[in-house]
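Residues per chain are reported as follows:
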Amino acid sequence: MSTRDKKPAPPAPAPRARTAPAPPPSPSAPAQGERRRNRPLREVLDELLSHTRDIARRAKTMTPAEVDYAQQRLEWLADEVWRVATGEATPPE
């Protein structure tokens, strides 16, 4: 095969144009308002996340009793999140 028989290499792909960053969400965006309006849900979710992170950090060193308690508390917190999110519970004052 001679060099004349070889096909030319395809051109390198053009660099992608950078797009402008998305504008910040407006203060009236639903996600922003939901965080402020449903404070009880936010508090229960924060507690659930905190507990989950604590379990993740300590999982290897936890005793079986601690694991059992942690699981029960996770289930209780998940139930609380569901109740507050669906409106089945009255928010704490």
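Described below are features of the structure shown in this document. Owing to the predicted nature of the structure, the values given are computational and were not obtained by experimental measurement.

About the thresholds
- Residues numbered from 1 in each chain as written.
- Predicted model: local features only at pLDDT ≥ 70, side-chain atom pairs only at ≥ 80, totals over all residues.
- Heavy atoms only, no water.
- Helix = DSSP H or I, 4+ residues; strand = E, 2+ residues; numbered from the N terminus.
- Expected span 1.5 Å × (residues − 1).
- Contact = heavy atoms within 4.5 Å.
- Axes fitted to C-alpha atoms, helices over the stretch in contact; angles between N-to-C directions.
- Parallel < 35°, antiparallel > 145°, perpendicular 65-115°, else oblique.
- Left-handed = near helix turned anticlockwise from the far one by under 90°.
- Nonpolar A, V, L, I, M, F, W, Y, C, P; charged D, E, K, R; others polar.

## Let's talk about helix 3 (residues 64–86)
Point 1. Counted at 1.5 Å a residue, the expected span for helix 3 with its 23 residues is 33 Å, and the 33 Å between its end C-alpha atoms agrees.
Point 2. Elements that come into contact with the buried residues of helix 3 comprise helix 2 (39–58).

## Some remarks on the packing of helix 2 against helix 3
Point 1. Closest axis-to-axis distance for the helix 2/helix 3 pair is 9 Å, and the angle between their directions is 160 degrees. Accordingly, the angle class assigned to the pair helix 2 and helix 3 is roughly antiparallel. Note on packing geometry: the crossing formed by helix 2 with helix 3 is left-handed. Residues Pro40, Leu41, Val44, Leu45, Glu47, Leu48, His51, Thr52, Ile55 and Arg58 of helix 2 form the contact with helix 3, whose participating residues are Glu66, Ala70, Arg73, Leu74, Leu77, Ala78, Glu80, Val81, Val84 and Ala85.
Point 2. For the contact of helix 2 with helix 3, the class distribution of residues is 13 nonpolar, 2 polar and 5 charged.

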